[in-house]
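# Observations on the model geometry
Here is what each chain is made of, one letter per residue.
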Amino acid sequence: MYNKDVFEVWRGVLTAQPVELVLDGGCGDGLSDDPWQFLKEVFGKTLKCVVGVDADDAHVNRRMNLFPEYPIIRGRIEDVFPLLRSKSFDVVLLMEIVEHLPKEKALLVLDEALRLARFQVLVSTPNGFLKQEKPEKPLETHLCGFTEEDFKVRGYETKIVSDHIIAWKKFS
């Protein structure tokens, strides 16, 4: 999903604030078109740490090998986010993860992300429900879908890119 067009949208909407600490919910394994490399490029020397959260053991292990300098929390975002202190991260990323949760839990995670972020929340998800069933990897099965309206009613700005919704909300 991460392609040049998506990264260009991100570049245009990411906060201009100096960002030191990012929370990446559902960070994945970091093997293809990784947003962490992009974040390093955009935020440069101000970026001190990206904290990943992922429930897939294989993803966590690969991520730890690729980025040993950054911590990974092993767990489901809907369980981990409520345990974290409010406004403790400059930016919260939810890239291609909310569609893997039941809609009610996904909406709670979006609310938690707003609570955790000091400057911005950035989300990407398929536009509508995109069927994806992976019985051998249940965490990768899509359980819900989103529309732009789902984000706009929560105060997010949106843009459609490559059949995906990019949604963001900045705080002053």
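See the structure above.
It should be emphasised that the depicted structure is a prediction, and the values quoted were computed from it without experimental measurement.

Calculation criteria
Residues numbered from 1 in each chain as written. Predicted model: local features only at pLDDT ≥ 70, side-chain atom pairs only at ≥ 80, totals over all residues. Heavy atoms only, no water. Helix = DSSP H or I, 4+ residues; strand = E, 2+ residues; numbered from the N terminus. Contact = heavy atoms within 4.5 Å. Polar contact = N/O pair within 3.5 Å; in protein donor to acceptor, adjacent residues only side chain to side chain. Phe/Tyr/Trp six-rings, centres within 6.5 Å; stacked < 30°, edge-to-face > 60°. Buried < 20%, exposed > 50% of the residue type's maximum accessible area, 1.4 Å probe, protein only.

### Details of the environment of Leu94
Along the polypeptide, Leu94 turns up in strand S4 (residues 89-95). Considering only alpha carbons, one finds Leu94 and Thr125, 31 residues apart in sequence, at a separation of 8.4 Å. Not counting the four nearest positions on each side in its chain, Leu94 is found in contact with Gly25, Ile77, Phe81, Val109, Leu110, Ala113, Leu122, Val123 and Ser124.

### Quick notes on the side chain of His100
Position of His100 among the secondary structure elements: in the loop between S4 and helix H5 (103-116). Separated by 3.3 Å, the side chain of His100 and the backbone oxygen of Thr141 make a polar contact. In this view, His100 contacts Gln132, Leu139, Glu140, Thr141, His142 and Leu143; residues no more than four positions away in its chain are not counted.

### Examining the packing of aromatic side chains
The geometry of an aromatic ring pair is captured by two quantities: the separation of the ring centres and the angle between the planes. With the rule as written, the count across this model stands at six aromatic pairs. Look at Phe7 and Trp10: their rings are 5.0 Å apart centre to centre, the planes differ by 85 degrees, and that puts the pair in the edge-to-face class. Placement of both Phe7 and Trp10 in helix H1 (residues 4-13) is noted, with a separation of three residues, approximately one turn of the helix. The same class applies to Phe7 and to Trp10, which are both buried. Ring centres of Phe151 and Tyr156 lie 5.5 Å apart, and the angle between their planes is 80 degrees; on these two criteria the pair is classed as edge-to-face. Of the two residues, Phe151 and Tyr156, neither departs from the other in class, the shared state being buried.

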